[in-house]
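If you want the building blocks of each chain, they are given just below.
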Amino acid sequence: MSAGGDSAEISSKPWQSYHTVYTNAKAGMDGVDKEKVQRVVYEMSKGSKYFENEERKEADMRQKVESMRARCAKLSAADISHHQKVAEKRIAELEATRDLSRIWLHVDMDAFYAAVETLSNPSLKGKPMAVGGMSMISTANYEARKYGVRAAMPGFIAQKLCPELIFVPTDFNKYTHYSTLTRKVFHSYDPKYFAASLDEAYLDITDVCAARGATSEEIAEELRSNVFRETGLTCSAGVAPNRMLAKVCSDINKPNGQFVLPNDRMAIMAFISSLPIRKIGGIGKVTEKILREVLGISTCEDMLNKGGLLSALFSHPSAEFFLCIGLGLGKTDAPEVKMRKSMSNERTFSATADEGVLLQKLAELVEMLAADLQKEGLHGKTVTLKLKTSSFEVRTRAVTLWKYTCSSKEILKEASKLLKAEFPISARLIGLRVSHFREDVCDHTQKSIMNFVVSGDSSGNNAIDHNCLESNARADVFMVEQADDLSSINFAFNSSPEGHNHQLQEDSGSERCAFNTCALECHKNDRTRDDQFEEMNYPGAASYGCVHEPHDLHGQQLASTNQKTEEEQRKTTNPSSDDASSSTHQDQLVWVDGYKCSICGIELPSIFVEERIEHFDFHLAERLQEDESGTGSNSTGHAGKPRFVEKHKSRRLSGRKKHKASREKCKYLPIDIFFDKK
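The text that follows walks through the structure, step by step, so that each part is easy to find.

Calculation notes
- Residues numbered from 1 in each chain as written.
- Predicted model: local features only at pLDDT ≥ 70, side-chain atom pairs only at ≥ 80, totals over all residues.
- Heavy atoms only, no water.
- Helix = DSSP H or I, 4+ residues; strand = E, 2+ residues; numbered from the N terminus.
- Contact = heavy atoms within 4.5 Å.
- Areas by Shrake-Rupley, 256 points an atom, 1.4 Å probe, with all protein chains shown as cover.
- Pairing = 2+ DSSP bridges.
- Axes fitted to C-alpha atoms, helices over the stretch in contact; angles between N-to-C directions.
- Expected span 1.5 Å × (residues − 1).
- Buried < 20%, exposed > 50% of the residue type's maximum accessible area, 1.4 Å probe, protein only.
- Arc of directions from axis to C-beta.
- Parallel < 35°, antiparallel > 145°, perpendicular 65-115°, else oblique.
- Nonpolar A, V, L, I, M, F, W, Y, C, P; charged D, E, K, R; others polar.
- Left-handed = near helix turned anticlockwise from the far one by under 90°.
- Patch = residues over 30% accessible without salt bridge, like charges linked within 9 Å, V, L, I, M, F, W, Y side chains within 5 Å.
- Salt bridge = Lys/Arg side-chain N within 4 Å of Asp/Glu carboxyl O.
- Polar contact = N/O pair within 3.5 Å; in protein donor to acceptor, adjacent residues only side chain to side chain.
- Phe/Tyr/Trp six-rings, centres within 6.5 Å; stacked < 30°, edge-to-face > 60°.

### Let's talk about the overall build of the chain
Then step 1. If you tally the helices and strands in the chain, you get 21 helices and 17 strands.
Then step 2. Looking at the chain alone, contacts between residues at least 24 apart form 72% of all its contacts between residues at least 6 apart.
Then step 3. Looking at the chain as shown, the accessible area adds up to about 33600 Å², and 51% of this sits on carbon and sulfur atoms.

Rendered as C-alpha cells:
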C-alpha cells in the first residue's frame, strides 16, 4: 500500500496510531483483539485531559525520534566504522565477564491482588473481576484480561471493554498479610532473597540445588507447591543464570507455570535472539519506538548487529546496557543491602477539587506512611508532597523539618501546609514521601540565627536549656522564652562609651558580643514538649543579656580561652531598668492572620520557615540601628555599659584596621557583626 493509502487509512481509523499503556499486552492477554481495545480506549479518552496529555507525550516522542533520526543521518561511513570497532571491542570485554556459575529464580504471584480477593470471596472465581474502582484499576484477574482489561487502566474504560466486570475495592492490609506468608517460603530457600515488590522476588538457589542434589527445575516446582500450600495462591517462576533473564522466563508460562533456561551460552544466545526488546525491563515505549523506527532494532539479537550505531548515538552507559541485553548478560551477584533513602506511598482517585476530600486522602496516606516508618524504625526530616492535577500536571513540594520524626501528627501538620498552599486545585493523585533519614547525614542540626544568640541566666552563666524553644504550630513567630513576662518585643541596647561607634575586639579564639535584648514574644499556646526543636537550645533567663560563643553540633558551649571578669558579666547580663523599659513602646512582631507581618505588612505563609527567619533577621537589624541612633547622643549616661566585651588587654589587633559604623554610609547595621567570624 502506498504512503498516501496508509495516511488515508489512519485518518479513517485514528485509533490505530493511538498507543497507550492500556494497549500493551500483559500475561493472559494473548488473543485479545488489540484493534478493538485501541478503538475503545481512543473513543473513551478523546477530549479528556488524559487524551490531551497523551497527545503531548506523543508529540514529545515524535520529536525525540526525529532528533535521533537526524543525528543518525549525519554519521559518515568513517564514523560508523570507528564506532563499530569500539562496539566489537566492548562486546568481547563483556563476553569475558559472563558468569554461568549461579542459578537465579524469579517468582511472580499470579494476578496477586485479584487472587487474594478471590480467595477471600470464592463466589468471584471464574468471573471477570478487577481490584480498584472507576478511576483506576490495580489489577485484573485472567478472566477479565481476555477482554483487554489490565492494570493501570481507568475503570470506566475497563467497564466499556467488559460490561460484566466486577469491581472490588483494594485492601492492602490483606495483601501485605499474604505477601508475608509467601516471603516465609522464599526465606527457606534463600535467606538473602530480594523482594522486588509485594508479589515478586529474586532467589539465588545455587546453594540449595547443590545441597539437595536437585535440579533447578525441581526446586522451582517445589517452591511453587509450598507457596500454594501456605497461601492457597498460585505463582509462576523463571530460572536462568542471571536475574534479568530469570524475570523474562517467569512470564513465559503464566499463570501457574515455570520456565527453565539452562546455564549454557548457546542456549542463552538462542533464547535471546528472537526475544522482543520490549520484554526487557528498562525498555519502555519511547526507547522501543526510537530503536525500532530509527535503527530497525526489534529483537535483542539486533542490538549486537547494530552495536556500532548504538555506540555512536547513545551515551556510554546506555550503549553498554543495550549490548548486555544482546548478549543475555545480567546481574549474578547478590543485591547489595543498601540503606533506605526514602519511604513513600501514593493513591489515585477520581479528580476532585473538594479541599476536605483532598485533606482526608492526605491524612490516610500519612497514617499508612507513619506506620511503615515506625515499623522500620526510621525517622525522616524531609517531607515531600506529590500532586497530579486533573490535567495530568505533576507537582512536587517539599519541606525540611528541624528535627527527625516518624510521628503521623507532625508529618500531617507539615504535609497539610504544603497541600493547602496549592489550593485551589483539582487533583487525581496524592503522594507523600519522607526522606533524609537520621543515618544519612553527619550534621543533624539545621541552624538559624537563634543558634548564634544564647541567653545568659541571672548569674551571668551561659546555661543551655532544651526546654525553652518550642515549635509554634502555625510558625507565627520565633521566640526565646524568658522567665520574665514578655509583653512586647524588646530590642533595647546598651550603648558603648563612644555612642554609636562599635568596638570590635578580635583574637585567635572567638569574638564575643554582648547585647542586652534579643527576645521575641509569640502568642501563648498549649504546645507540648514533643513540638520542641531538638537541635536548637535557648535557655530561659531572668535577664535579657545575650552572649554568643562558639558551639558544637549539639549546641553545647565550648570552653572559652578568655573569661569575663565579674564586672563585665554583671554589666552585660543586668541592664538598667531605664534601658529595659525604653523599648516597651516598640511594635510587636507577630504574623497577623498567620501570614502577614505586623511591622511591615509583608505576607509570608507559615510554610516559608527559612524566609520568615530571614525576615526576622531584617527587622532585628533595623531595630538595632534605630535604638543605636536614639542612644548615641546620650552616650555619657551609659558609659558604664559597654556593648562589646573587651578581651585581654595584652591581645592586639594585628594587620587589620577597625572600621567604625557610619550612619551616613549605611542605613542598617550588618547582621554578621553579631556572629562568630570563622
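Alright, that's what it looks like, and here's the rest.
### Considering the sheet that holds strand β9 (residues 342-352)
Across a sheet, paired strands are connected by hydrogen bonds in the backbone, their directions being either parallel or antiparallel.
Then step 1. Pairing within the open sheet is antiparallel, and its four strands lie in the order β9-β12-β10-β11. Looking at the sheet topology across the chains shown, the edges are occupied by β9 and β11 (394-405). Averaged over neighbouring strand pairs, the angle between their axes works out to 15 degrees when direction is ignored.
Then step 2. With eight bridges connecting them, strand β10 (residues 380-389) and strand β12 (residues 427-435) associate as antiparallel partners.

### Section: helix α4 (residues 77-95)
Then step 1. The end-to-end C-alpha distance of α4 is 27 Å, a good match for the 27 Å that 19 residues give at a rise of 1.5 Å each.
Then step 2. Among the residues making up α4, those that are buried are Ala-87, Ile-91 and Leu-94. With its buried residues spanning 65 degrees around the axis, α4 presents them on a single face. Among the exposed residues of α4, those oriented more than 90 degrees off its buried face are Ala-78, Lys-85 and Lys-89.
Then step 3. Tucked into the core, α4 has its buried residues touching α14 (300-305), α15 (307-313) and α16 (316-327).

### Points about the packing of helix α12 (residues 265-273) against α16
Then step 1. Packing of α12 against α16 brings their axes to within 8 Å, and their N-to-C directions diverge by 110 degrees. It follows that α12 is roughly perpendicular to α16 by the angle criterion. Judged by residue contacts, Ile-268, Met-269 and Ile-272 of α12 engage Ile-325, Gly-326 and Leu-327 from α16.
Then step 2. Taken together, the residues of the contact of α12 with α16 break down into five nonpolar, one polar and no charged.

### Thoughts on the packing of helix α11 (residues 243-250) against α12
Then step 1. Close contact between α11 and α12 brings their axes to 13 Å; oriented N to C, the two are set at 55 degrees. When the interaxial angle is binned, α11 and α12 end up oblique. The two elements α11 and α12 cross, and the hand of that crossing is left-handed. Residues Leu-245, Val-248 and Cys-249 of α11 form the contact with α12, whose participating residues are Ile-268, Phe-271 and Ile-272.

### Some points on a nonpolar patch on the surface
Then step 1. Together, Met-44, Met-134 and Phe-156 make up a nonpolar patch on the protein surface, roughly 250 Å² of accessible area in all.
Then step 2. In this structure, Met-134 sits in the loop between β2 (129-132) and β3 (137-140).
Then step 3. The class of Met-134 is partly exposed, set by a relative accessible area of 40%.

### Some remarks on the side chain of Glu-410
Then step 1. Looking at the element boundaries, Glu-410 is found in helix α18 (residues 408-420).
Then step 2. Here Glu-410 falls in the buried class, since its relative accessible area comes to 13%.
Then step 3. Only 3.2 Å separates the side chain of Glu-410 from the side chain of Lys-403, close enough to count as a polar contact.

### What about the sheet that holds strand β1 (residues 104-109)?
Then step 1. Within the open sheet, the five strands sit side by side as β5-β6-β1-β7-β8. Their pairing is mixed. Each having just a single partner strand, β5 (194-197) and β8 (258-260) make up the two edges of the open sheet. Strand-to-strand twist in this sheet, taken as the mean axis angle between neighbours without regard to direction, amounts to 15 degrees.
Then step 2. Pairing of strand β7 (residues 235-240) with β8 involves three bridges; the strand directions are parallel. Residue pairing across strands places Val-239 opposite Val-260, the latter belonging to β8.
Then step 3. Sheet strands touched by helix α10 (residues 216-231): β1, β6 (200-204), β7 and β8. Its angle to β7, the strand with the most contacts, is close to 160 degrees.

### Considerations on helix α2 (residues 34-45)
Then step 1. In this model α2 runs 16 Å from its N-terminal to its C-terminal C-alpha over 12 residues, within 8% of the 16 Å that 1.5 Å per residue would give.
Then step 2. Of all the positions in α2, only Val-37, Gln-38, Val-40, Val-41, Tyr-42 and Ser-45 are classed as buried.
Then step 3. Looking one or two residues beyond α2, the residue adopting positive phi is Gly-47, at roughly 85 degrees.

### A few points about the packing of aromatic side chains
Then step 1. Summed over the entire model, instances satisfying the criterion amount to 10 aromatic pairs.
Then step 2. Considering the side-chain rings of Phe-321 and Phe-322, the 5.7 Å spacing of their centres and the 50 degrees angle between planes classify their relative orientation as tilted.
Then step 3. By relative accessible area, Phe-321 is classed as partly exposed at 32%.
Then step 4. Of the residues examined, Phe-322 reaches a relative accessible area of 4% and is grouped as buried.
Then step 5. Three or more aromatic residues link up through ring pairs in this structure, and these residues are Phe-112, Tyr-113, Phe-172 and Tyr-175.

### Digging into the pattern of salt bridges
Then step 1. Applying the stated rule across the entire model yields 25 salt bridges.
Then step 2. Residue Arg-292 pairs with Glu-288 through a salt bridge whose shortest N-O separation is 3.0 Å. Within this pair, Arg-292 and its partner Glu-288 are both found in helix α13 (residues 285-295), separated by four residues, close to a single helical turn.
Then step 3. Across the pair Glu-293 and Lys-289 runs a salt bridge whose closest N-O atoms are separated by 2.7 Å. A residue pair is termed a helical-turn pair when its members lie 3 or 4 positions apart in one helix, as Glu-293 and Lys-289 do in helix α13 at four residues.
Then step 4. Judged by its relative accessible area of 38%, Glu-293 falls in the partly exposed class.
Then step 5. By sharing partners, the salt bridges in this structure join Glu-393, Arg-395, Arg-397 and Glu-422 into a single network.

### As for the environment of Leu-378
Then step 1. Its place among the elements puts Leu-378 in the loop between α17 (355-376) and β10.
Then step 2. Given a relative accessible area of 12%, Leu-378 falls into the buried group.
Then step 3. For Leu-378 and Arg-438, which are 60 residues apart along the polypeptide, the C-alpha to C-alpha distance reads 7.6 Å.
Then step 4. Those residues in contact with Leu-378 that lie beyond four places of it in its chain are Arg-340, Met-343, Leu-373, Cys-406 and Phe-437.

### Observations concerning unusual backbone geometry
Then step 1. Geometrically, the link from Lys-254 to Pro-255 is a cis peptide bond, its omega value of -5 degrees lying close to zero.
Then step 2. One can find Pro-255 in the loop between α11 and β8.
Then step 3. Residue Pro-424 is reached from Phe-423 by a cis peptide bond, and omega for that bond is -5 degrees.
Then step 4. Of note, Pro-424 is situated in the loop between α18 and β12.
Then step 5. Positive phi, normally seen in glycine, also occurs at Ala-152, with a value near 70 degrees.
Then step 6. With respect to the element layout, Ala-152 can be found in the loop between α6 (142-145) and α7 (155-161).

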